[in-house]
Structure formats: structure tokens, C-alpha cells
Amino acid sequence: MQRLIESASKESRRVVGLMTGTSADGIDAVLAEIEGWGESTEFEVLAHLTHPLPEALQADLFMLFQPDALVEGLCRVNFALGAALADATLQVAEAANLEPAAIDLVGSHGQTVRHLPRSDPPSTLQIGEAAVVARHTGIPVVSDFRPADMAAGGEGAPLVPLVDVLLFGHPDRGRLMLNIGGIANVTALPPGARREQGVLAFDLGPGNALVDAAVMHLTGGAERFDDGGRRAAAGEVNEEWLERLMKHEFFRRPPPKSTGREEFGTLYLAEVMRQAQLGPADLVATLTAFTARTIAAGVDRFADPEGALEEVWVGGGGVRNSHLMELLEEALAPRELGAIDRLGVPADAKEALAFAVLANETLMGRAGNVRAATGAKADAVLGKISLPPVPGQGW
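This section reports on the structure supplied with the text. What you see is a predicted model; the values in this text were computed from it and never measured.

Structural notes on the nonpolar core
Right, so step 1: Ranked by internal contacts, the top residues of the largest apolar core, which has 63 residues, are Phe145, Leu176, Leu178, Val314 and Leu328.
Right, so step 2: Examining the composition of this core, we find that nine residues originate from one element, helix H14 (residues 350-363), more than from any other.
Right, so step 3: In contact with Val314, other than residues within four places in its own chain, are Leu178, Ile180, Val319, Met325, Leu337, Gly338, Ala339, Ile340 and Ala347.
Right, so step 4: Of all hydrophobic cores here, the second largest spans 30 residues; its members include Leu18, Ile103, Ile127 and Ala130.

Brief notes about the pairing of strand E6 (residues 123-127)
Regular strands place side chains that alternate from one sheet face to the opposite one.
Right, so step 1: Relative to E6, strand E5 (residues 111-116) is paired through five bridges, and the arrangement is antiparallel. Directly across from Gln111, in E6, lies its bridge partner Ile127.
Right, so step 2: Counting the residues between successive antiparallel strands, the hairpin from E5 to E6 contains six residues.

Looking at the sheet that holds strand E8 (residues 175-180)
Right, so step 1: Pairing is mixed in the open sheet, where five strands are placed in the order E10-E9-E8-E11-E12. Two strands lie at the open edges of the sheet, namely strand E10 (200-206) and strand E12 (336-339), each paired on one side alone. Shown here is a sheet whose adjacent strand axes are inclined to one another by a mean of 20°, direction ignored.
Right, so step 2: Pairing geometry for E8 and strand E11 (residues 311-315), over five bridges, is parallel. The partner of Arg175 across the bridge, within E11, is Glu311.

Description of the packing of helix H6 (residues 161-168) against H14
Right, so step 1: Orientation of H6 relative to H14, taken along the N-to-C sense of each, is 90°, at an axis distance of 9 Å. The angle between H6 and H14 falls in the class roughly perpendicular. Mapping the contact onto sequence places Leu162, Val163, Asp164, Leu166, Leu167 and Phe168 in H6 and Lys350, Leu353, Ala354, Val357, Leu358 and Glu361 in H14.
Right, so step 2: For the contact of H6 with H14, the residue count by class is nine nonpolar, no polar and three charged.

Notes on the pattern of salt bridges
Right, so step 1: Across all of its chains, the model carries 21 salt bridges by this definition.
Right, so step 2: The salt bridge partner of Glu223 is Arg230, with a shortest N-O separation of 3.3 Å.
Right, so step 3: Between Arg231 and Glu223 there is a salt bridge; the shortest N-O distance is 3.2 Å.
Right, so step 4: Several salt bridges converge on common partners, so that one network encompasses Arg173, Arg175 and Glu311.

Some remarks on helix H4 (residues 130-137)
Right, so step 1: For H4, the set of buried residues is Ala130, Val132, Val133, Ala134 and Thr137.
Right, so step 2: Taking the backbone nitrogen of Ala131 as reference, a side-chain oxygen 3.2 Å away marks Glu129 as the first, capping residue of H4.
Right, so step 3: Remark: Gly138 follows H4 within two positions and exhibits a positive phi of approximately 75°.

Points about the side chain of Glu155
Right, so step 1: In this fold, Glu155 is placed in the loop between helix H5 (146-151) and H6.
Right, so step 2: An unpaired buried charge is present at Glu155: no salt bridge exists, and Arg118, the closest side chain of opposite charge, is 5.0 Å distant.
Right, so step 3: Excluding residues that lie within four positions of it along the chain, Glu155 makes contacts with His115, Pro117, Asp149, Met150, Pro256, Lys257, Ser258 and Thr374.

As for the sheet that holds strand E7 (residues 141-143)
Right, so step 1: Strand order in the open sheet formed by six strands is E3-E2-E1-E4-E7-E13, and the pairing between neighbours is mixed. Single-partner strands in this sheet number two, and they are strand E3 (42-52) and strand E13 (384-386). Shown here is a sheet whose adjacent strand axes are inclined to one another by a mean of 20°, direction ignored.
Right, so step 2: Inspection of the sheet shows E7 paired to E13 by three bridges, in the antiparallel sense.

Things to note about the packing of helix H7 (residues 209-218) against helix H11 (residues 266-276)
Right, so step 1: Where H7 contacts H11, the axes come no closer than 10 Å and their chain directions differ by 65°. Judged by the sense of rotation from one axis to the other, the crossing of H7 with H11 is right-handed. Residue-level contacts link Leu210, Ala213, Ala214 and His217 of H7 to Tyr268, Leu269 and Met273 of H11.
Right, so step 2: When grouped by side-chain class, the residues that make up the contact of H7 with H11 number six nonpolar, one polar and no charged.

About the cut-offs
Every chain is numbered independently, its residues counted from 1 as its sequence is written. Only residues with pLDDT of at least 70 are given local features in this predicted model, and only at 80 or more are side-chain atom pairs given and counted; all residues enter the totals for whole chains, interfaces and linings. Each side-chain value is worked out from all heavy atoms of the structure, with water and hydrogens disregarded. Here the nonpolar core consists of buried residues drawn from Ala, Val, Leu, Ile, Met, Phe, Trp, Tyr and Cys, with membership extended through side-chain atoms lying within 4.5 Å. Burial classes: relative accessible area under 20% of the type maximum marks a residue as buried, over 50% as exposed, and values in between as partly exposed (1.4 Å probe, protein chains only). Counting from the N terminus, the helices are DSSP H or I runs at least four residues long and the strands are E runs at least two residues long. Contacts between residues were defined by any pair of non-hydrogen atoms, one from each residue, lying within 4.5 Å. For two strands to pair, DSSP has to find at least two bridges joining them. To obtain an axis, a line is fitted to C-alpha atoms, over the contacting stretch when the element is a helix, and the angle between two such axes runs from 0 to 180 degrees between their N-to-C directions. Here the word oblique covers every angle except those under 35 degrees (roughly parallel), over 145 (roughly antiparallel) and from 65 to 115 (roughly perpendicular). Think of it as three bins: nonpolar holds Ala, Val, Leu, Ile, Met, Phe, Trp, Tyr, Cys and Pro, charged holds Asp, Glu, Lys and Arg, and polar takes everything else, Gly as well. By convention in these notes, a salt bridge is any Lys or Arg side-chain nitrogen within 4 Å of a carboxyl oxygen on Asp or Glu. Here a polar contact means two N or O atoms within 3.5 Å. Within protein one must be a hydrogen donor candidate and the other an acceptor candidate, and residues neighboring in sequence count only if both atoms are side-chain atoms. The charged-residue count follows a simple rule in which Lys and Arg add positive charge and Asp and Glu add negative charge, with His and chain termini not counted at all. Helix crossings are classified by the rotation of the near helix relative to the far one: an anticlockwise turn of less than a right angle makes the crossing left-handed, while a clockwise turn makes it right-handed.

Here it is in C-alpha cells:
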């Protein structure tokens, strides 16, 4: 506990952020120097990398996504993923030429295996045992960020909006902060936006999840994503099926709202493939167009219906799909669209950086949720803290 007090007393802190997204293909790790907290937050990315998950661990994770997953498997994979998260932490420290002892804090999102915001009671589960990370690295860990918001009546997602406000709000220009991971989400920031007013954020629908799953199926696992969108670009969009997909009730549901594999996962894809009977290239083309169409529909219907926000900044793995980016540029015009790299944050690192910042807010005893985004009835300090062994007591 003394270590946490000393870290909170510093002018700046070195914090690792860890993110395993809906695609479950690797761990994005960021090491950032974070100065201040709240509206005074400033940051510098010292290092970032993607730590691949071993194929066996990834396969075990995908088994947990199935409705008949076993509790025994959940327990085992929780600890195995914790060890992988620890490895990613040590790797990003090494990339920054820092010893683990020079790092103040780790913020770990973990891997979502269930997100059920509309169940009774609402619930969510992220795994990746934080005690293992703390033990293996010797660094305090903040993890399990979502339940505190759900306990306050929220959906536990999205949680990135606070970071969007703190790091990317602009006094004069309206911005849409779009993240395309397995699920796509957006934060709408009018000029001068502050956490308490003017911020709207929500999940838009499938990002890369369906396209990635289709490519993995079509290639027998040899490829995990549509590299540059070349498969989609070679196919033809089936407009009839695209219109059918757009009728999913999630897209009509007003914010606050969040989603995940439970609505847009492998079972959903399997049913589409069974009914649509599309050729491989046409399937990927249609799913990619579906992602672009749902993003544009959510922006135009809810996030920016007046078209008043001038800029769209895109993070997440979807930035690397040039075909998808072209579709979005056309669908979101006349807004200016660009990769978030131009704002000083690598696109692949944005969500991991977000959980480093959220961990910093937790350390300082500050709420990390945005009620307008999650639907919570109260502010909530997010996460649970796991401490490493004390030197001289089993260290």
C-alpha cells in the first residue's frame, strides 16, 4: 500500500496499459509516462507492442466464448492468460529500456468472455488473473474495470470515452473518436467537450470481429484477418444480404448501448453463412460493407445527426484495412477522416493507452466512467487493485 501512496504522490507515473480485444489474437501493451490526472492529464508513449497469444491459448479462449464452456476451462485459462499478460508487461518494459521496478502501475483490461448488459441482473466477465501479473512482474495491477460501472446501473461499456475527453478533446473543433476493434465504438466530442456535459459514446456494432472470423474459417486458420482488405476488395457486395443484416434491432436501439460476441460472434456468422450461401470473396466484401454501413448509420443517427462534427479519428486494428477505410471515408463524408496516429497515438495502441490512463485515474481515487456513455446512475472509481509481494516477505 505504501508503494501506491508513493506513486500517487509523484508528479508523473510510468503506467503499462494492457488490452486483449474481441478478436483475441494478441495483447496490445503500452508503456506511457502519465503526468497529472483528470483534466490535467498529459501523456507520452514510451513504448508499445503487440504480444501474440500462443495458438493453444487462443484456441482455449475461443472455447470459452461458446455457450457450453466449462467452468474448469475458465479457471485454467484465467491463470494462463494472466501469465501471458505478465509476459507482455515485461516485454514492453524491455522495449522502453526500463526495469519493472521503474514502473508504477499496470492497467489490465483482460479478455471479455461474457458481456451481458441486458441480462437480469446485468453482468460481465473479464479474465486474465491480475494476481499472476502482479506476482510475475512485481508491479501493482488495476484490473476488472467494468463491474463498478455496472454496479452503479451502467452497461460497463464503453469505458474509453473518459480518455477520449481527457486526451483528444479540442477547444474549437468537433471530433468523432472512432475505434474499430472486434467491436466498433465511437465517442462524439463537440468543441470544448467536458466529461460532465456534451459527451456521447456507445458501441456501433461489429468492427473486425465478423470479417476476422470469416477469414479464419475460409483459410482454415492460416489467416486471421483480411490483410489490407484485399479479399473484400476482390469480392462483390450482396446488397440484398447487406440490407437484411442492417435490420438487426441493435442498430435501432438508442444509446447508451454496448454489444459483443453474444450478438455478433461466431454463432451469428455461422447462421449468416448458412443462409446466405455467398462465395468466399463476396462474403468478406459483404461483411466489410456491413461494418462500414453500421458505423455510418450509428454516427448519422445518434452520434452526429446534424453533421456538426468536422473530424473523425480512427484507432484500432480496422485502421490497417485500407478497403474499409476507403468505405468509411465515403460513408462519413464530408467529415475529415484520418488515423489516430496523426494525434500522436499509434492506432493499435489506443485502447491499451486508455486502460493505462484509467488505471492512473483509479490510483488517484477518481471516477473513470462517463455516465452519459454507460448509462450509470453515479460516478464510479473503476477496477480492483492487486498488489505484488512485499520485499522481504516472500519476494
